[in-house]
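Descriptive structure summary
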Amino acid sequence: MKLTAEITLYPLQDYYLDIIKATIDQINTYPGVEVSTVPTATIMVGEYEDVMRVINDIVAWSFEKYGKCVFVTKFIPGYNAFE
């Protein structure tokens, strides 16, 4: 099933822009998921398993690397935001 997910990161550190940029760079390393970043969120489109793997990995990675962060995510199943 195709899935569109929109994710926004709110780091709880003073150097939040660096953390956001590094997280976006990390998201862009995953194959099989289309990614578009806008000023308020990053949008991912792909097969459900692929998108959820990226989200799972990115959230764990950010917690391990930066500590406390808040993520807000929206999911739209069966939809391709880029078509």
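About the criteria used
- Residues numbered from 1 in each chain as written.
- Predicted model: local features only at pLDDT ≥ 70, side-chain atom pairs only at ≥ 80, totals over all residues.
- Heavy atoms only, no water.
- Phe/Tyr/Trp six-rings, centres within 6.5 Å; stacked < 30°, edge-to-face > 60°.
- Buried < 20%, exposed > 50% of the residue type's maximum accessible area, 1.4 Å probe, protein only.
- UniProt positions renumbered as here; feature names shortened; annotations may be inferred.
- Helix = DSSP H or I, 4+ residues; strand = E, 2+ residues; numbered from the N terminus.
- Salt bridge = Lys/Arg side-chain N within 4 Å of Asp/Glu carboxyl O.

**With respect to the packing of aromatic side chains**
Counted under the stated rule, the structure contains two aromatic pairs. Judged by centre distance (5.7 Å) and plane angle (80 degrees), the rings of W61 and Y66 are edge-to-face. With relative accessibility at 14%, the residue Y66 sits in the buried group. Consider the rings of F63 and F71, whose centres lie 6.1 Å apart with planes at 65 degrees: the pair is edge-to-face. Of the residues examined, F63 reaches a relative accessible area of 41% and is grouped as partly exposed.

**Looking at the UniProt feature "domain: Thiamin/hydroxymethyl pyrimidine-binding YkoF putative" (unreviewed entry) in the protein chain**
Per the UniProt record, "domain: Thiamin/hydroxymethyl pyrimidine-binding YkoF putative" (unreviewed entry) is found at residues 5-59. When the span residues 5-59 is considered, its composition is 44% helix and 35% strand, and the gap between its end C-alpha atoms is 14 Å.

**Description of the pattern of salt bridges**
Opposite charge on two side chains lets them pair, provided their charged atoms get close. If you walk through the whole model with that rule in mind, you get three salt bridges. Close ionic contact of K74 with E6 constitutes a salt bridge, the shortest N to O distance being 3.2 Å. With a gap of 68 residues between them, K74 in strand β4 (residues 69-77) and E6 in strand β1 (residues 2-11) connect regions that are remote in the sequence. With a closest N to O distance of 3.5 Å, D50 and R53 form a salt bridge. Taken together, the residues D50 and R53, both in helix α2 (residues 48-66) and three residues apart, mark about one turn of the helix. Residue R53 is classed as partly exposed on the basis of its relative accessible area, which comes to 35%.

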